[in-house]
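Structure assessment
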Amino acid sequence: MNPRDRVIELFHRVAASVPAYGAFLRERDIDPARIKTFDDFVQLPLTSKDTYTRRYPLPELCRDGVIGDMISVSSGSTGTPSFWPRSVADEQVISERFEEVFRDAFGAAGRRTLAVVCFALGTWVGGLFTLACCRHLAARGYPITCVAPGSDRREILRVVPELAPHFDQVVLLGYPPFLKDVIDAGIAEGVPWADYSIKLVTAGEVFSEQWRTLVAERAGMTDPALDTASLYGTADAGVLGNETPLSIRIRRFLAERPEVAEELFGRQRLPTLLQYDPAVRFFEEHEGTLLFSGDNGVPLVRYHIADEGGLVPHDRMLGFLAGHGFRPASAEPRLPFAYVFGRSHFTVSYYGANVYPENISAGLEQPQVSSLVTGRFVLEVTEDAGHDRRLAVAVELAAGVRGSEETERLVGESILAQLLRLNSEFAAYVPPARRHPVVSLREKGDPEYFPPGGKHRYTRG
């Protein structure tokens, strides 16, 4: 069955078995029996958190109205949680993405592998979901042993040197800036990373190829295309796609040729470049953003996750690259590509936590600072010369107010307090030493950040 037929079959199954989706269709006078072709399918209304998952009770969002055996939580912009049930069967499907990385890039079928889960543990999706998927690989016969210190850097640096000598390779799984912090801290403590055949599996953030090269060198890796991989996933539906050695080699080629990247992606900024299985997660492009459909604990049809990006068929990608003189040594796997810039219009991702404009607004609205600022700001994640990331906030001063170190301190402390209060992901994922925002105060009407006229954009990608 081709992917288009599969997604139509998924639609009918979800319409018949998921109470919320049946109600969603009835409210819009849509008869599922009339959806017969792919052209019919693409006329279906989009679903989203606002139009779908937040409008119905949790059991009604699940297959047959029954909540699965595991629930993960993702934080909203005001700290209101969203709950995402799943079952072991859902995890087994998603673990195929982990298997592709461990088997094809890391050669884990024939190498004793220590998988170190460095994502935050608890109700958040990253840690326990990753641990479960790695254990599913072990159950399939891969010689993988898991340890889950979570986002406790001291514990990671305690257990890895003790365990690593018993294995052929060590895979660290976590958010990119946190793994860099771990590697840098280990170097300072004399950890011999190069002796451990380190591999990295990351998720949650777009990073530069310069960052990948730097971290690979510090960890003693020999080939970043075979020693690293980024996963693209959401709490809503698990892992949707993953980097492959092919996609990494393509991205590294494009990183040196921004004009070619711009021709392909429409901008010089490099997105994450992934491959995905359309039989499992079916992607569509919609006005420069991505939609997906897939079965999960909460089955989703034409779900709009608001990530900016697009799709490139496999053969079209290789033909485009050949036209620019690049022919990768291996064209496998023969899967389509998705490119993802992230949700730059709405949030920034920092250590895997979505930081929302509303979190920053709350900090600027506190009594101790509200009279000093206009409430306008620009939120972005910057990278310094050492390739360490920081959360940066440019804040517009009120008319007649002059900037000072004391004002910067007050604003920064107020923003941080509200981030920790309102955003549980921020508090769980971001190491304490990296939490304090870098505040820059700008005069009212600053032409770079706060030009007069037009709609203000509160984030920069």
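Look a little higher up for the structure.
To start, this report covers the structure provided alongside it. (Residues numbered from 1 in each chain as written. Predicted model: local features only at pLDDT ≥ 70, side-chain atom pairs only at ≥ 80, totals over all residues. Heavy atoms only, no water.)

To continue, consider the overall build of the protein chain. The number of helices and strands found in the protein chain is 17 helices and 18 strands. Whereas a compact globule of 461 residues would reach a radius of gyration of roughly 23 Å, the protein chain reaches 23 Å, a difference of no more than 12%. Its C-alpha atoms put the protein chain at 65 × 60 × 50 Å along the principal axes. For the protein chain, buried positions account for 56% of its 461 residues. Put simply, the protein chain shows about 19200 Å² of open surface, and 50% of that area lies on carbon and sulfur atoms. (Helix = DSSP H or I, 4+ residues; strand = E, 2+ residues; numbered from the N terminus. Rg over C-alpha atoms; globule rule 2.2 N^0.38 Å. Buried < 20%, exposed > 50% of the residue type's maximum accessible area, 1.4 Å probe, protein only. Areas by Shrake-Rupley, 256 points an atom, 1.4 Å probe, with all protein chains shown as cover.)

Scanning the model with the defined rule gives 32 salt bridges in all. A salt bridge links Glu 448 to Arg 442; the shortest N-O distance between them is 3.5 Å. You can call Arg 442 partly exposed: its relative accessible area is 22%. Each of Lys 180, Asp 181, Asp 184, Arg 218, Asp 388 and Arg 434 takes part in one network of salt bridges that share partners. (Salt bridge = Lys/Arg side-chain N within 4 Å of Asp/Glu carboxyl O.)

Read from one edge to the other, the open sheet built from 3 strands follows the order 16-17-18, with strand pairing classed as mixed. Looking at strand neighbours, the two that pair on one side only are strand 16 (373-383) and strand 18 (438-442), the edges of this open sheet. Ignoring strand direction, the axes of neighbouring strands in this sheet form an average angle of 25 degrees. The pairing of strand 16 with strand 17 (residues 389-397) spans 8 bridges and is classified as antiparallel. Pairing of Val 381 across the sheet is with Leu 391, part of strand 17. Sheet contacts for helix 14 (residues 357-364): strand 16 and strand 17; angle to strand 16, the most-contacted strand, approximately 135 degrees. Against the sheet, helix 16 (residues 405-422) makes contact with strand 16, strand 17 and strand 18, and its axis sits at roughly 130 degrees relative to strand 18, the strand it touches most. (Pairing = 2+ DSSP bridges. Axes fitted to C-alpha atoms, helices over the stretch in contact; angles between N-to-C directions. Contact = heavy atoms within 4.5 Å.)

Counted under the stated rule, the structure contains 3 cavities of 30 Å³ or more. Of the voids in this model, the largest cavity is the one considered here, and its volume is about 60 Å³. The wall of the largest cavity is formed by Ser 72, Trp 84, Pro 85, Arg 86, Val 125, Phe 129, Ala 235, Ala 237, Gly 238 and Asn 296. If you list the elements that add at least two residues to the lining of the largest cavity, you get strand 2 (81-86) and helix 6 (125-139). (1 Å grid on protein atoms, 1.4 Å probe; cavity = no way out; pocket = protein on both sides within 12 Å on 5 of 7 lines; lining within 4 Å. Points joined across faces, edges and corners; volume = space filled by probe spheres on them.)

The next thing to look at is the layout of surface pockets. In this structure, the second largest pocket occupies an estimated 290 Å³ of space. In this structure, the second largest pocket is lined by 14 residues; those nearest its centre are Arg 4, Tyr 276, Phe 282, Phe 283 and Leu 311. Of all the elements in the fold, those that place two or more residues in the lining of the second largest pocket are helix 1 (3-17), strand 10 (282-286) and strand 12 (300-312).

Counting residues in each nonpolar core, the largest one holds 120 residues, and the members touching the most others are Tyr 21, Phe 98, Phe 102, Leu 172 and Trp 193. When near neighbours in sequence (up to four residues on either side) are disregarded, Trp 193 contacts Leu 157, Val 160, Leu 172, Val 182, Ile 183, Gly 186, Ile 187, Ile 198, Arg 218 and Ala 219. (Core = buried A, V, L, I, M, F, W, Y, C linked by side-chain atoms within 4.5 Å.)

In the structure shown here, the tally under the stated rule is 23 aromatic pairs. Consider the rings of Tyr 175 and Tyr 429, whose centres lie 5.0 Å apart with planes at 35 degrees: the pair is tilted. Separated by 254 residues along the polypeptide, Tyr 175 in the loop between strand 5 (169-174) and helix 8 (176-188) and Tyr 429 in helix 17 (residues 424-429) bring together distant segments of the chain. The exposure class of Tyr 175 is buried, given its relative accessible area of 8%. Seen in terms of ring centroids, Phe 377 and Tyr 458 are 4.7 Å apart; in terms of plane orientation they differ by 55 degrees. Their pairing is tilted. Of this pair, Phe 377 sits in strand 16 while Tyr 458 sits in the segment after strand 18, and the two are 81 residues apart along the sequence. The class of Phe 377 is buried, set by a relative accessible area of 0%. An aromatic cluster of three or more residues is present, and its members are Phe 11, Tyr 21, Phe 24, Tyr 52 and Tyr 56. (Phe/Tyr/Trp six-rings, centres within 6.5 Å; stacked < 30°, edge-to-face > 60°.)

It is worth spelling out the state of the cysteines at this point. Inspection of the entire model under this criterion finds 0 disulfides. No disulfide involves Cys 133; its nearest neighbouring cysteine sulfur is the one of Cys 134, lying 7.1 Å away. The structure places no disulfide on Cys 134, whose sulfur is separated from the nearest cysteine sulfur, that of Cys 146, by 4.9 Å. (Disulfide = S-S within 2.5 Å.)

Right, let's talk about helix 7 (residues 153-163) for a bit. All of the buried residues in helix 7 are Ile 156, Leu 157, Val 159 and Val 160. On its buried face, helix 7 sits against strand 3 (113-117), strand 5 and helix 8. Sitting at the amino-terminal end of helix 7 is Asp 152, which places a side-chain oxygen 3.2 Å from the backbone nitrogen of Arg 154. (Polar contact = N/O pair within 3.5 Å; in protein donor to acceptor, adjacent residues only side chain to side chain.)

Another point: the packing of helix 1 against helix 2 (residues 19-27). At a minimum axis separation of 5 Å, helix 1 and helix 2 run at an interaxial angle of 100 degrees. The orientation of helix 1 relative to helix 2 falls into the category roughly perpendicular. Contacts from Phe 11, Val 14, Ala 15 and Ser 17 of helix 1 reach helix 2 at Pro 19, Tyr 21, Gly 22 and Leu 25. In terms of residue class, the contact of helix 1 with helix 2 is made up of 6 nonpolar, 2 polar and no charged. (Parallel < 35°, antiparallel > 145°, perpendicular 65-115°, else oblique. Nonpolar A, V, L, I, M, F, W, Y, C, P; charged D, E, K, R; others polar.)

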